[in-house]
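Observations on the three-dimensional arrangement
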Amino acid sequence: MDEVDRAILAVLEQHGRISNAELAARVGLSPSPCLRRVRRLEETGVIRGYRALVDPAAVGRGLRVFAGVRLVRHARADVVAFERAVTRLPEVVHSHHVTGNYDYLLQVEVADLPAYEDFHANRLAGLPGVAMVTSYVTMKTLTPGTA
């Protein structure tokens, strides 16, 4: 991977629907070599896919909560059981196995606070091996270039 590949990736991360001609112009290539590079990046798994960024509030998921989860035990079977169960919850948008005070950091999106209370009490806290959940309700989300 060279600087041109990195430039292609930087543009695609911000503008995933950009045309090949526009992408090529932005990175200083002609369209054919640019398309070959993009296809190679896709085939080698550097580019894993393309997605639409959906406004969570527009689809009834206006409340974002980060939940720190601590497990009772770290035996492999317990970890596997938790991971299988948590990945089946549609409210959990991202799940990260982390170091520090928690074992997992989950990004949860639900309609509102009562919906999160229900999710926490009736689904999340009951997952296999969960010892403790600490919730952080998001007040504002800042992303690069939006300040």
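Starting from 1, residues in each chain are numbered consecutively following that chain's sequence as written. The predicted origin of the model limits local features to residues at a pLDDT of at least 70 and limits the giving and counting of side-chain atom pairs to 80 or more, whereas totals for whole chains, interfaces and linings rest on all residues. The side-chain numbers reported here are obtained from all heavy atoms of the structure, hydrogens and water having been left aside.

1. Some details on helix H5 (residues 113-124)
Condition: Each residue gets one of three labels from its accessible area relative to the maximum for its type: buried under 20%, exposed over 50%, partly exposed in between, using a 1.4 Å probe on protein chains only. Helix numbering and strand numbering both begin at the N terminus, where a helix is a DSSP run of H or I of at least 4 residues and a strand a DSSP run of E of at least 2. The directions from the helix axis to the C-beta atoms are what the arc is built from. By the convention used here, residues are in contact when the closest approach between their heavy atoms is within 4.5 Å. Polar contacts, as counted here, are pairs of nitrogen or oxygen atoms within 3.5 Å of one another; within protein the pair requires one atom able to donate a hydrogen and one able to accept it, and residues that are adjacent in sequence qualify only if both atoms are side-chain atoms.
For H5, the complete set of buried residues consists of Tyr116, Phe119 and Leu124. Buried residues in H5, looked at end-on, bunch into an arc of 60 degrees, giving them a common side. Set apart from the buried face of H5 by more than 90 degrees, the exposed residues are Pro114, Glu117, Ala121 and Asn122. Looking at the buried positions of H5, the neighbouring elements they touch are strand E1 (63-71), strand E2 (92-97), strand E3 (104-110) and strand E4 (130-137). Between a side-chain oxygen at the N-terminus of H5 and the backbone nitrogen of Ala115 the separation is 3.0 Å; the capping residue is Asp112.

2. Thoughts on the sheet that holds E1
Where we set the bar: By the convention used here, strands pair only if DSSP detects at least 2 bridges between them. Where helices are involved, their axes are fitted lines through C-alpha atoms of the stretch in contact, as for all axes, and angles between N-to-C directions lie from 0 to 180°.
Reading across from one edge, E2-E3-E1-E4 is the order of the four strands in this open sheet, with antiparallel pairing throughout. The open sheet is flanked by E2 and E4, the only strands paired with a single partner. For this sheet the average axis-to-axis angle between neighbouring strands, irrespective of direction, equals 20 degrees. Relative to E3, E1 is paired through seven bridges, and the arrangement is antiparallel. Along E3, the bridge assignment pairs Ala67 with Leu106. With respect to the sheet, helix H4 (residues 76-86) is in contact with E1, E2, E3 and E4, its orientation differing from that of E3 by roughly 20 degrees.

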